[in-house]
Amino acid sequence: GPYEEAGRTSGKQTLKYVDQKSRRNEIKNGTTYYYRVAACNIGGAISPQSDTVSAVTKPAPSRPCGMSATTGGIKEIVLKWQPSPEKDVESYAIYRSSSRNGRFNRIGKVPAGTVTYADKGLSDGENYCYQVMAVDRDGLESEPSESVEGTTKALPEPPSSPEATAQGSEIRLTWTKSETPDVAKYIVYGHGVFRSWKVDESTDTNFAVKNLKPGDSYKFSVSAVDKDGLESRRSSIVKCVLP
């Protein structure tokens, strides 16, 4: 003890009471509780309490361990963990946050036989934190796993210092190569008043835009594309007028 009133039943023949979690009553997992029962007559008099009995609530599953998260994935991070030792675990709930101290929100779940999860459609070059909880057949969730961090692959660095030189009816563009080591090609863009468009691609750091109209003004920019198809921001715009 001390003992406090947990609830009442109505009627002499009601010989059962369920003590369950409510707004005013907290029932914890894996905890021993002790009970006594007393009778109450129509006048409100209460009998002496019965002998004491005890009951233990079901413990929550143990939290997943062995967490890992990939780094450098293309718009995705893959999580892995070890299977839960409890046989009645039915699923794993996955939670994500933008930082270790941030709020973790549930983003998905997988069945108990699966111990991996691919979080897809993520922003490029971003860091994310994850936790996983085991969920048993009664809906009890484990404590969160340790937090792990994963990072998506960043966009390549854009080329710099674009220059344009007029040569007859063409404009020759040159630029400094991207600092990202796995860049596979560059894309040249033309710019108008209200729109831009793709002109062509180049695997080198120069490109000739041909068959242009003399006396007109032209604007161009260049982006870098890595081996995985990620495209950088565009370079600054360079302007050139054909004589």
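Placed above this text is the structure.
None of these values were measured; they are calculated from a predicted model.

Thresholds, definitions, all that
- Residues numbered from 1 in each chain as written.
- Predicted model: local features only at pLDDT ≥ 70, side-chain atom pairs only at ≥ 80, totals over all residues.
- Heavy atoms only, no water.
- Salt bridge = Lys/Arg side-chain N within 4 Å of Asp/Glu carboxyl O.
- Helix = DSSP H or I, 4+ residues; strand = E, 2+ residues; numbered from the N terminus.
- Buried < 20%, exposed > 50% of the residue type's maximum accessible area, 1.4 Å probe, protein only.
- Pairing = 2+ DSSP bridges.
- Axes fitted to C-alpha atoms, helices over the stretch in contact; angles between N-to-C directions.

Student: Whenever I open this one, the pattern of salt bridges confuses me. Can you help?
Tutor: Opposite charge on two side chains permits them to pair, given that their charged atoms come into close proximity. All chains considered together, the criterion is met by 14 salt bridges. Linking Asp228 and Lys153 is a salt bridge whose minimum nitrogen-to-oxygen distance equals 2.6 Å. Of this pair, Asp228 sits in the loop between strand S16 (217–226) and strand S17 (238–241) while Lys153 sits in the loop between strand S10 (148–152) and strand S11 (160–167), placing them 75 residues apart in sequence. For Asp228, a relative accessible area of 35% translates into the label partly exposed. Asp228 is the salt-bridge partner of Lys227, the closest N and O atoms lying 3.4 Å from each other.

Student: How should unusual backbone geometry be read in this particular structure?
Tutor: Residues other than glycine predominantly adopt negative phi, and peptide bonds predominantly adopt the trans conformation. Between Gly1 and the following residue, Pro2, the backbone shows a cis peptide bond with an omega angle of 0 degrees. Mapped onto the elements of the fold, Pro2 is located in the segment before strand S1 (32–35). In the Ramachandran plot, Lys75 falls in the positive-phi region, its phi being about 60 degrees despite a non-glycine side chain. Along the polypeptide, Lys75 turns up in the loop between strand S4 (71–73) and strand S5 (76–80). Backbone geometry places Asn211, a non-glycine residue, at a positive phi of 55 degrees. Among the secondary structure elements, Asn211 is positioned in the loop between strand S15 (206–209) and S16.

Student: What am I meant to see in the sheet that holds strand S7 (residues 105–111) here?
Tutor: The strands that make up a sheet pair up through hydrogen bonds in the backbone, lying either parallel or antiparallel. Read from one edge of the open sheet, five strands run S4-S10-S9-S6-S7, paired in mixed fashion. The open sheet has two edge strands with one neighbour each: S4 and S7. Taking each pair of neighbouring strands and ignoring which way they run, the sheet shows an average axis angle of 35 degrees. Direction of pairing for S4 relative to S10: parallel, over a ladder of two bridges. Bridge assignment links Gly73 to a residue of S10, and that residue is Thr152.

Student: Any chance you could explain the sheet that holds S11 here in plain terms?
Tutor: Ordered by their spatial adjacency, three strands build an open sheet running S11-S12-S15, and the pairing between neighbours is antiparallel. At either end of the open sheet lies a strand with only one pairing partner, and these are S11 and S15. The mean inter-strand angle of the sheet, taken between neighbouring strand axes irrespective of direction, is 20 degrees. Strand direction decides the pairing type here: strand S12 (residues 170–176) and S15, joined by four bridges, are antiparallel. Each residue of the ladder has a partner; that of Thr174, found in S15, is Asn206.

Treat this as a map of the structure, not an account of what it does.
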